[in-house]
Amino acid sequence: DIPYYMKFALFGSMFPDRTAKAEEQILGVCESIIKHGGKLCLTENFFLTLPLYIKHKLDKVCELVESFPKVDMAVSVGGDGTFLRTATTVGNTGIPVLGINTGRLGFLAAINYSDVDETLKEVMDRNYREEERTLLKMSTDETFPPEHFNTNALNEIALLKQDTASMLSIHAYINNDYLTSYQADGLIISTPTGSTAYSLSIGGSILSPTTPSIILSAIAPHNLTSRSLVVDDSSIISLKVESRSHTFLVSVDGQSRVLDETVSIQVRKADYTLRVVKRVGHTFYETLRDKLMWGADVRKQQK
């Protein structure tokens, strides 16, 4: 029998201020894939951002492609921002994504760099599991989006004020039933995956990432009784904005555009999911304890 070798597309940070340590870690992941018998693909755009000595090491062992190739798995090396960019590129192809954290907190890129070699060996041995993650899809009542604007969100879709002075009035409907009019700096509509991202920072509920729900959380609401709301992920959320500047920002996983207040927005579950690769025996609750230091005695760390 001819042996089958898994093929991996690697994505890394494209920022020009990428540190030498981050570049060494990208090289380390590439070398680990090759060492364990995997085939490596890099997009030409990403390959060109690498320093010369790494290019020389990888030139003979990786396949360079112009666009996203057909592979067995996509590997994101960086922080959660890199993972989101990778997820956007993968789109609805059904290709699973493995996130290796070389950034700071890292809920999406949950594999620590120190565990890369062991993790990739497990992957090659088919000893891993996958989680199906829900995405959100935004649509409007006008021709949208502009070119290169992604309307699907793995983390969240946020409506934000464009100016610094006045609040927004955001009239929200769930399945055409009136919910409320938020007087706030903005509103975050989050997936369970995104519950540990922007939504968490404003007091939104933390959900297990496979929970069939959507979270609505107001940003700095004028009404102090306003609380994060969790609704079924079959819900259709309709939003109408009023703003003193007559414009507002819409942000889809951090990518933003200015819209006129005459534009109405609908948010619903996307018609595809993202397959996220997890190590066997590693759980979301372990990640919570690790990343948020739940149960840790910080006094011991200060000594």
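Residues numbered from 1 in each chain as written. Predicted model: local features only at pLDDT ≥ 70, side-chain atom pairs only at ≥ 80, totals over all residues. Heavy atoms only, no water.

1. A short note on the environment of N101
Thinking step 1. Here N101 shows up in strand 5 (residues 97-101).
Thinking step 2. Counting along the chain gives 82 residues from N101 to T19, while the straight-line C-alpha distance between them is 14 Å.
Thinking step 3. Setting aside its immediate chain neighbours within four residues, N101 contacts G78, G79, G106, A109, I111, N112, Y113 and K291. (Helix = DSSP H or I, 4+ residues; strand = E, 2+ residues; numbered from the N terminus. Contact = heavy atoms within 4.5 Å.)

2. What about the sheet that holds strand 9 (residues 156-160)?
Thinking step 1. Reading across from one edge, 14-13-12-9-16-17 is the order of the six strands in this open sheet, with antiparallel pairing throughout. Each of the sheet's edge strands pairs with one partner strand only, and the pair in question is strand 14 (229-232) and strand 17 (255-260). Each strand axis lies, on average, 20° off the axis of its neighbour in the sheet, ignoring direction.
Thinking step 2. Relative to strand 16 (residues 247-252), strand 9 is paired through four bridges, and the arrangement is antiparallel. Considered in strand 16, the bridge of L160 is made with L249. (Pairing = 2+ DSSP bridges. Axes fitted to C-alpha atoms, helices over the stretch in contact; angles between N-to-C directions.)

3. Considering the nonpolar core
Thinking step 1. Formed by 28 residues in total, the largest nonpolar core has its most connected members in I189, I237, L239 and I265.
Thinking step 2. It is strand 10 (residues 168-174) that contributes the most residues to this core, four residues altogether.
Thinking step 3. In this structure, I265 is in contact with M138, S139, T140, L159, I237, S238, L239, F248, V250 and L259, ignoring residues within four places of it in sequence.
Thinking step 4. Counting residues in each nonpolar core, the second largest holds 27 residues, with I33, L50, V77 and L120 among its members. (Core = buried A, V, L, I, M, F, W, Y, C linked by side-chain atoms within 4.5 Å. Buried < 20%, exposed > 50% of the residue type's maximum accessible area, 1.4 Å probe, protein only.)

4. Structural notes on the confidence of the model for the chain
Thinking step 1. Taken residue by residue, the chain gives an average pLDDT of 90. The fraction at 70 or more is 95%.
Thinking step 2. Averaged over each element, pLDDT in the chain is lowest for helix 8 (residues 298-302) (65) and highest for strand 12 (residues 186-190) (98). (pLDDT = per-residue confidence, 0-100.)

5. Observations concerning unusual backbone geometry
Thinking step 1. A positive phi angle, near 65°, is found at H246, a position not held by glycine.
Thinking step 2. The backbone of D253 sits at a positive phi, close to 50°, despite the residue not being glycine.
Thinking step 3. Here D253 is to be found in the loop between strand 16 and strand 17.
Thinking step 4. Judged by relative accessible area, which is 16%, D253 ranks as buried.

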